[in-house]
Amino acid sequence: MADAISAAGSCLQPLWECLDATGVADAVAQDVASFLRLKSNWGDLDKARGSLRAVETKVRGRVTMEIDKLNVCDPQVQVWLNHVDELQLDTIDEDYSQFMKYSCLCQCTVHAARRAWIGKRVVEALEEVNKLTEEGERFNNFGFKPLPEIVERLPQIETFGLESMLTKLHDLLEKGDSNIIGVWGQGGIGKTTLLHVFNNDLEKKARDYQVVIFIEVSNSETLNIVDIQQTISERLNLPWNEAETVDKRARFLVKALARKRFVLLLDDVRKKFRLEDVGIPTPDTNSQSKLILTSRYREVCFQMGAQRSLIEIQVLDNVAAWKLFLSKLSNEAYAAVVSPSSNNVVRERAMAIYQRCGGLPLALNIIGTAVAGLEEPREWISAADAINTNLDNIDGVDEMFAQLKYSYDRLTPTQQQCFLYCTLFPEYGSISKEQLVDYWLAEGLLLNDYDKGYQIIRSLISACLLQTSSSMSSKVKMHHVIRHLGLWLVNKTDQKFLVQAGMALDNAPSSEEWKEATRISIMCNDITELSFSPKCKNLTTLLIQNNPNLNKLSCGFLKFMPSLKVLDLSHTSITSLPECETLVALQYLNLSHTHIMRLPERLWLLKELRHLDLSVTVALEDTLNNCSKLLKLRVLNLFRSHYGIRDVDNLNLDSLKALMFLGITIYAQDVLKKLNKTSPLAKSTHRLNLKYCGEMQSIKISDLNHMVHLEELFVESCYDLNTLRVDAELTTSCLQSLTLSVLPSLENVIVAPMPHHFWYIRKLVILRCPKLQNITWVLRLEMLERLVISHCDEMLKIVEEADSDEESGVQEMKIQDHPSEEQEDDAMAENPCEERDNDYQSIGKSKLTIGTIHTDFPKLRSIVLTDVKKLRSICKPRDFPSLETIRVEDCPNLRSLPLSSTYNCGKLKQVCGSFDWWEKLQWEDREEAASMESKYFIPI
């Protein structure tokens, strides 16, 4: 057989040489190889198919992770997955198996054409599988956060009796002269539900508008302008600047909104306000924009400009109310109520209960939920009797509260007390869950069980006595009707609450009103002094925070409060705290964001104190060694306080065995070393502020190895600091926020290849670092979402770059003018498995080889550049797949931004800056400039 093949080959040799001369030889060789190597190629295909399956499993897993985070699959990844799905290998399997049944030479000769056909298909399939495998292994980004929809869907429940109101609202929206529409009715009647349904209906009309914004106004006497502005900014993808004044931000938002056709839904407006003062342009017929507001007051709708377009919501009719009530019942309770029995006691009592709700949707929801699980006639009789008893001799609002009280009665005593505590907060706005639980713990309502606090919050939400905040999962809110119910319930007990929160008060209630109070809340007002010495023997909670002009407390103000457990004076202007040694029961003391200069000499006598917050106390000079004597402290927060630990002997907190959370400001390098060596104390450190560390010339992040819970690092005014080194010695870090402020000597920030400590950094702020010429190391912050740079005098570029090394396909990064040996070692130690973009540019004079890298800024959403005089550009063209907003102020030399077609920034929505600056940007052509201006630019 071998001789025959050899002879055939000799005969074909001249023909082969002829084909080779014409260039056909390669193609023929491939066909011959596929013919002769069919079995071998088939084995290779089987192995390649296994590799592709493994890669596909990995890719699909990563895509699932992105989808679980509410992101969307990257389009390139989706195309790849489609190609994988379209592979038709089953037919090749079947044809190959069928062919291999014929194995002798004569049969192979007979079926040579079929063998060649199958061999060619196997080779083609092998090439396609290998190509897909290679493409799949190169993927680094699997998803991205989707752009905000024109209409952001809101939670919506099944509605009853609102159909006619919804039709009226849509009709008014279509009328050209109805630019401001008012909806009014009593509290709890369904205005918010109507607005939620209407908002979601606008998805069908998304083409007619560019943005639909829903805002929970819920203002009392004090309008919460900042929350409104923040909601508008988020929906417009505008950058947020905490330092900006309300007036300046309002002018900016008016300009931004005026450029769009919008529908603005303002829910629960309780008092007239000027739209432009918060950042809303008054819509007119020319703009085609609409504003719809709801209010409990008809006059407010008139005052806001809705005189010609007004809808009044009435209580539900009997049919709709009954349907709503039944919808809240369990299947068993529903069956018992609708049973056709002629003597149906359950139905009779259920109808009595629903009728007492008076068609008020809020009452129907709450009472229906409260009786949802009742089945037996005696349970329904008891429930109906309880409601009937409580309603005796009560008219109007009191009657409604008595009906709602049944939900309260079904709570445990602890849940009831926690619910009543929520009434201390203002009607408007939200309540921090964490703050609420801290208060409850200090009051002794939870018996040191932190988790139970969150369980109670969930229970109150389930009972419709608290609501989740639509803006933040960390906060809850209280419907105004339910809040008044709580205050009404307090008056029925032996407790006495004095609540005047958010009332725009200039003066505090008189000392006589304080005497019998058990809890007092005068937060969120304009009180300037508390010059009396109230005698409050029963007072357990005193909330005075957010009175920004309060600067005077009488010397004896705290003298007669022996039962006080919670004292909150945060966000006031007080400079001192009166002697408080009589506060022997105090467990919670919050003095954050005040001007206090020193703590009282006898603060250490407060032996029960568990929570002490002194963060951002800009004038605090001394704690008089009090903190170390408060042995029951679980929370001690001195983060960004003017008072910091200057000497290792002053870091005497080892006695705080119960400490779980430490925020600290440190003024010396040796103190930092001692803190990190004190393992229990280091493990409690969540926030670290390094300030005025005069001899500190460098920081090595791995030296903070024991601070395993460190979330925020704030380095400021360390005048000799020239190097910050983020090494790869440790891979675990919780650090999410980094601020570098007023560091005149800082030249080098060295970030090692992955893994490194900055993996989870989401916010980076660099202020007044004049020697930083670039921050190329941000390319390694793969989770970075927000970048703020201000007053960096010598910064020419954010990322300093040079031509790429085409031969090696690697990136070179400038870290410092003269790289150290340790830096070069870091480069050598990089994990070669970290794949990066081959197109990525090499950077800088001194170079750090890090291999091919991912998309440089995969998560970056916001860039804020302020007063960076010499800055010319951010970087060379590259991908910014998540970038949404850019804000530029006082950067006269900035000439290029990631805007043109050479950049990938498909999610970019807004660029904020001055007209003069925009005109100076360098464009490829003026047509492109005009296109970009109309698409993105918002003047400031």
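Quick caveat: nothing in here was measured; it's all calculated off a predicted structure.

Draft legend 1. Local environment of the overall build of the chain. Looking only at helices and strands, the chain has 29 helices and 32 strands in total. Counting only residues that meet the buried cut, the chain has 52% of its 940 residues in that class. Of the contacts formed within the chain by residues at least 6 apart in sequence, a portion of 64% connects residues at least 24 apart. Of the roughly 43100 Å² that the chain leaves accessible, carbon and sulfur atoms contribute 48%.

Draft legend 2. Region of the structure containing the sheet that holds strand β9 (residues 467-468). The strand order β8-β10-β9 describes an open sheet built from three strands, whose pairing is antiparallel. What marks the edges here is a single partner per strand, and that holds for β8 (431-432) and β9. Summarising the sheet, β9 and strand β10 (residues 475-477) pair through two bridges and their orientation is antiparallel. Paired with Gln467 across the bridge in β10 is Lys477.

Draft legend 3. Expanded view of the pattern of salt bridges. In the structure shown here, the tally under the stated rule is 23 salt bridges. Here Arg153 makes a salt bridge to Glu203, at a shortest N to O gap of 2.7 Å. Of the two residues, Arg153 is situated in the loop between β2 (143-144) and α8 (163-174) and Glu203 in the loop between α9 (191-201) and β4 (211-216); the sequence distance between them amounts to 50 residues. Overall, the relative accessible area of 37% leaves Glu203 in the partly exposed class. Between Lys477 and Glu216 there is a salt bridge; the shortest N-O distance is 2.7 Å.

Draft legend 4. Region of interest: helix α25 (residues 669-677). When α25 is considered as a whole, its buried residues turn out to be Val671, Leu672, Leu675 and Asn676. Down the axis, α25 shows its buried residues gathered within 135° of arc, on one side only. Away from the buried face of α25 by more than 90 degrees, exposed residues Lys673 and Lys677 are located. The inward-facing, buried residues of α25 abut β20 (661-666), α26 (679-684) and β21 (685-691).

Draft legend 5. Quick look at empty space enclosed by the protein. Across all of its chains, the model carries one cavity of 30 Å³ or more by this definition. By volume, the largest cavity amounts to about 30 Å³. Lining the largest cavity we find Ser233, Pro239, Trp240, Asn241, Glu244, Arg249, Phe252 and Arg887.

Draft legend 6. Quick peek at the sheet that holds strand β26 (residues 748-751). Read across the sheet, three strands follow the order β22-β24-β26 without closing on themselves; strand pairing throughout is parallel. In the strand order of this sheet, the two ends are held by β22 (698-700) and β26, each with one partner. On average, each strand axis in the sheet is tilted by 5° relative to the strand beside it, whichever way the strands run. Sheet analysis places β22 next to strand β24 (residues 723-726), joined by three bridges and oriented parallel.

Draft legend 7. Molecular detail of a negative patch on the surface. A contiguous patch of negative charge on the surface is contributed by Asp647, Asp649, Asp670, Glu695 and Asp720. With respect to the secondary-structure elements, Glu695 resides in the loop between β21 and β22. Look at Glu695 and you get exposed, because its relative accessible area is 74%.

Draft legend 8. Summary view of the packing of helix α10 (residues 225-235) against helix α11 (residues 246-258). At a minimum axis distance of 11 Å, the contact between α10 and α11 shows a crossing angle of 35°. Considering how the two elements wind past one another, α10 and α11 form a crossing that is left-handed. On α11, the residues touching Ile225, Val226, Gln229, Ile232 and Ser233 of α10 are Val246, Arg249, Ala250, Leu253 and Leu257. Here the contact of α10 with α11 is built from residues that sort into seven nonpolar, two polar and one charged.

Draft legend 9. Up close: unusual backbone geometry. Phi angles above zero are rare outside glycine, and Cys524 is one such case at about 60°. Inspection of the secondary structure assignment puts Cys524 in the loop between β12 (519-521) and β13 (529-530). Here Asn546, not a glycine, exhibits a phi torsion of approximately 60°, which is positive. On the basis of relative accessible area, Asn546 is assigned to the partly exposed category, the value being 34%.

Draft legend 10. Representation of the nonpolar core. One finds Trp514, Leu530, Phe758 and Ile798 to be the most contacted residues of the largest nonpolar core, which totals 125 residues. Beyond its immediate chain neighbours, meaning those up to four positions away, Ile798 contacts Asn774, Ile775, Thr776, Val778, Leu787, Ile789, Leu865, Leu871, Ser873 and Ile874. Membership of the second largest hydrophobic core comes to 100 residues, among which are Tyr209, Leu265, Ile292 and Ala384.

Each value, and the rule that gives it
Residues numbered from 1 in each chain as written. Predicted model: local features only at pLDDT ≥ 70, side-chain atom pairs only at ≥ 80, totals over all residues. Heavy atoms only, no water. Helix = DSSP H or I, 4+ residues; strand = E, 2+ residues; numbered from the N terminus. Buried < 20%, exposed > 50% of the residue type's maximum accessible area, 1.4 Å probe, protein only. Contact = heavy atoms within 4.5 Å. Areas by Shrake-Rupley, 256 points an atom, 1.4 Å probe, with all protein chains shown as cover. Pairing = 2+ DSSP bridges. Salt bridge = Lys/Arg side-chain N within 4 Å of Asp/Glu carboxyl O. Arc of directions from axis to C-beta. 1 Å grid on protein atoms, 1.4 Å probe; cavity = no way out; pocket = protein on both sides within 12 Å on 5 of 7 lines; lining within 4 Å. Points joined across faces, edges and corners; volume = space filled by probe spheres on them. Axes fitted to C-alpha atoms, helices over the stretch in contact; angles between N-to-C directions. Patch = residues over 30% accessible without salt bridge, like charges linked within 9 Å, V, L, I, M, F, W, Y side chains within 5 Å. Lys, Arg positive; Asp, Glu negative; His and termini not counted. Charge placed at Lys NZ, Arg CZ, Asp CG, Glu CD. Left-handed = near helix turned anticlockwise from the far one by under 90°. Nonpolar A, V, L, I, M, F, W, Y, C, P; charged D, E, K, R; others polar. Core = buried A, V, L, I, M, F, W, Y, C linked by side-chain atoms within 4.5 Å.

That's the geometry; what it means functionally is another story.
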